[in-house]
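Observations on chain architecture
As a plain string of letters, each chain reads:
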Amino acid sequence: MASIKKIGVFTSGGDAPGMNACVRAVVRTGIYLGKQVVGIHQGYQGMIDKKFINMDARSVRNIIQLGGTVLKTARCAEFRTPEGREKAYKNLVEEGIDALVPIGGDGTFTGAEFLSREFGIPVICVPGTIDNDLYGSDFTLGYDTATNTVIEAIDKIRDTAASHDRLFFVEVMGRDSGCIALHAGVAGGAEAILLPEKETAIDDLIVKLEEGALSKKSSCIVIIAEGDKNGGAYNVAKRVKEKFDFYDIKVTILGHLQRGGTPSSFDRVLGSRMGYAAVKALIAGETRKMVGLKGNMIQLTDLEEAIHNHSFKLEEDLLEMATILSI
Ligand SMILES: Nc1ncnc2c1ncn2[C@@H]1O[C@H](COP(=O)(O)OP(=O)(O)OP(=O)(O)O)[C@@H](O)[C@H]1O
Ligand SMILES: O=P(O)(O)OC[C@H]1O[C@](O)(CO)[C@@H](O)[C@@H]1O
Ligand SMILES: [Mg+2]
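Since the model is a prediction, treat every value here as computed from it, not as a measurement. (Residues numbered from 1 in each chain as written. Chains lettered and ligands numbered in written order. Predicted model: local features only at pLDDT ≥ 70, side-chain atom pairs only at ≥ 80, totals over all residues. Heavy atoms only, no water.)

A look at the packing of aromatic side chains
Under the defined criterion, the tally for this structure stands at seven aromatic pairs. Taking 5.2 Å as the distance between ring centres and 75° as the angle between the ring planes, the aromatic pair formed by Phe139 and Phe266 counts as edge-to-face. Of this pair, Phe139 sits in the loop between strand 5 (124-127) and helix 5 (143-164) while Phe266 sits in helix 9 (residues 265-283); the two residues are 127 residues apart in sequence, bridging distant segments of the chain. Residue Phe139 is classed as partly exposed on the basis of its relative accessible area, which comes to 31%. Members of the aromatic cluster, each reached through a chain of ring pairs, are Phe10, Tyr44 and Phe79. Over the aromatic face of Phe114 sits the side chain of Arg85, whose NZ or CZ is 4.3 Å from the ring centroid. (Phe/Tyr/Trp six-rings, centres within 6.5 Å; stacked < 30°, edge-to-face > 60°. Helix = DSSP H or I, 4+ residues; strand = E, 2+ residues; numbered from the N terminus. Buried < 20%, exposed > 50% of the residue type's maximum accessible area, 1.4 Å probe, protein only. Lys NZ or Arg CZ within 6 Å of the ring centre and 35° of its normal.)

Examining the site of ligand 1
In the vicinity of ligand 1, 19 residues are found, and the nearest of them are Arg75, Cys76, Asp106, Thr108 and Thr129. Gly105 places a polar main-chain atom, nitrogen or oxygen, 2.9 Å from an oxygen atom of ligand 1. Relative to its free-state accessible area of 620 Å², ligand 1 is covered by the protein chains to the extent of 88%. The dominant element in the shell around ligand 1, judged by the number of residues it contributes, is helix 4 (residues 106-119), at six residues. (Near = heavy atom within 4 Å. Polar contact = N/O pair within 3.5 Å; in protein donor to acceptor, adjacent residues only side chain to side chain. Areas by Shrake-Rupley, 256 points an atom, 1.4 Å probe, with all protein chains shown as cover.)

Considering the nonpolar core
Core analysis: the biggest nonpolar cluster contains 58 residues, and Val101, Ile103, Val126, Val170, Val172, Ile193 and Ile223 have the highest contact counts within it. With eight residues, helix 5 is the single largest residue contributor to this core. Built from parts of two domains, this core gets at least three residues from each of domain 1 (6-142 + 263-308) and domain 2 (146-259). Sequence-distant contacts of Val101, defined by excluding residues within four places in its chain, comprise Ile7, Gly8, Val9, Phe10, Val26, Ile124, Val126, Ala278 and Leu282. In terms of nonpolar packing, the next biggest core, distinct from the first, is built from 24 residues, Val38, Phe109, Leu134 and Leu303 among them. (Core = buried A, V, L, I, M, F, W, Y, C linked by side-chain atoms within 4.5 Å. Domains from an automatic or database assignment. Contact = heavy atoms within 4.5 Å.)

Considering the packing of helix 5 against helix 6 (residues 179-187)
Running from N to C, helix 5 and helix 6 point in directions that differ by 45°, and their axes come no closer than 9 Å. Between helix 5 and helix 6, the interaxial angle falls into the category oblique. Crossing hand, helix 5 versus helix 6: right-handed. Residue-level contacts link Tyr143, Ala146, Thr147, Val150, Ile151 and Ile154 of helix 5 to Cys179, Ile180, His183, Ala184 and Ala187 of helix 6. Tallied by class, the residues present in the contact of helix 5 with helix 6 amount to nine nonpolar, two polar and no charged. (Axes fitted to C-alpha atoms, helices over the stretch in contact; angles between N-to-C directions. Parallel < 35°, antiparallel > 145°, perpendicular 65-115°, else oblique. Left-handed = near helix turned anticlockwise from the far one by under 90°. Nonpolar A, V, L, I, M, F, W, Y, C, P; charged D, E, K, R; others polar.)

A few points about the side chain of Arg166
Secondary-structure assignment places Arg166 in strand 6 (residues 166-172). Look at Arg166 and you get buried, because its relative accessible area is 18%. Separated by 2.7 Å, the side chains of Arg166 and Asp248 make a polar contact.

A short note on the domain arrangement of the protein chain
The accessible area lost on association of the parts is a frequent measure of interface size. What the domain assignment lists for the protein chain is domain 1 (6-142 + 263-308) and domain 2 (146-259). Put simply, the middle of domain 1 and the middle of domain 2, counted by C-alpha atoms, are 34 Å apart. Each side of the interface is counted separately: domain 1 has nine residues, and domain 2 has nine residues. Counting the surface lost from both domain 1 and domain 2, the interface buries some 810 Å², and carbon and sulfur atoms represent 48% of this. A per-residue breakdown of the area domain 1 buries against domain 2 is headed by Asp15, Ile130 and Asp131, which together make up 55% of the total. One can count one salt bridge joining domain 1 with domain 2. (Buried area = accessible area lost by both parts, 1.4 Å probe. Salt bridge = Lys/Arg side-chain N within 4 Å of Asp/Glu carboxyl O.)

Looking at the packing of helix 3 (residues 82-95) against helix 4
Between helix 3 and helix 4, whose axes approach to 11 Å, the crossing angle comes to 70°. Taken together, the axes of helix 3 and helix 4 lie roughly perpendicular to each other. Residues Arg85, Glu86, Tyr89 and Leu92 of helix 3 form the contact with helix 4, whose own contacting residues are Phe114, Leu115, Glu118 and Phe119. Residue composition of the contact of helix 3 with helix 4, grouped by class: five nonpolar, no polar and three charged.

Focus: the sheet that holds strand 6
Read across the open sheet, the four strands follow the order 7-8-6-9; overall the sheet is parallel. Either end of the sheet is taken by a strand with one partner, and the two such strands are strand 7 (192-194) and strand 9 (248-253). The sheet shows a mean angle of 15° between the axes of neighbouring strands, taken without regard to direction. Relative to strand 8 (residues 220-225), strand 7 runs parallel, the two sharing three bridges. For Leu194, the partnering residue across the bridge sits in strand 8 and is Ile224. The sheet contacts of helix 5 involve strand 6, strand 8 and strand 9, and relative to strand 6 the element is tilted by about 165°. (Pairing = 2+ DSSP bridges.)

Below you can see the structure in the form of structure tokens.
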């Protein structure tokens with residue numbers, strides 16, 4: 001493989017706190033190791049629209065503490081087509097970009113895997129998504145911050161729920177992943193947690209809530225991941241209301257506030273470590289891999305496995321523990 005001269009870095013899919021720390025690390029590590037670094041604005045859309053910006057060490061000053069992504073992000077339908085990817089690749093060649101660090105989730109990785117397989121460009125991906133849904137990393141960038149944001153909201157809801165003796169259904173993000181719901185549920189002392197990965201019968205939920213009411217609980221909070229098969233917090237609340245009227249019932253959808261905000265110190269360090277490791281891996285000749293954190297060590301995982309291996313993540317024992325601790 002010819003030696004790499006110019007690395008392209010971009011963020012794609014949903015933004016996640018810590019992406020900026022990672023961009024900073026990619027830019028500065030690349031420059032330190034004698035490479036040119038180009039920021040691609042708006043992910044794959046920017047690749048197609050030629051939104052390339054030459055970066056220097058100062059281009060990434062004062063961004064480590066910022067939420068969102070200074071490179072901006074996008075969901076790009078055109079890149080899903082072979083024609084779109086060819087256009088993107090031609091633009092990369094024209095720009096002299098000969099290696100990529102994509103920062104994003106499973107969709108971003110799928111696009112990077114296609115691009116690399118079709119055109120041979122080396123890619124080392126960084127898992128940047130609040131969903132924590134990639135195999136090969138105990139944590140994805142942004143997950144820690146997002147979970148803490150959710151906890152802050154749950155604590156506030158608990159105050160008002162307890163004051164009014166109310167039952168709240170709180171919907172959190174996670175189209176296919178229940179990681180945020182499970183961890184926020186445990187940390188927030190939720191009475192029940194509904195996840196996409198595990199079906200919960202509404203009748204069982206009602207039994208659990210009745211037990212809580214009988215044991216004189218003054219409030220109940222049920223955390224529901226948006227991808228739960230019962231169809232979201234409003235649906236669950238409606239169905240519970242039909243059979244259970246002990247508490248006054250309210251619904252809160254936390255929505256996109258979960259994606260924003262100042263990255264936690266954990267996400268800043270993680271973003272820095274992953275960006276640094278991604279550049280070093282590219283220069284060492286690696287490709288089609290994801291940088292991940294396993295047991296506090298940085299390791300590489302094949303992209304295909306990172307995307308498709310779903311035998312992971314949700315700790316069943318946590319769910320069992322949460323049920324016991326919420327009696
Ligand atoms: N199958 C695919 N083929 C080619 N490109 C894809 C594919 N899937 C996704 N992409 C590209 O990657 C972009 C980001 O993917 P997606 O919207 O699924 O977000 P993500 O990276 O999974 O992040 P998150 O789930 O955290 O929002 C898409 O908009 C598209 O441009
Ligand atoms: O509104 P958007 O940008 O499509 O994002 C929503 C999705 O992105 C994620 O937050 C991940 O970033 C999912 O959990 C959620 O379903
Ligand atoms: Mg995704």
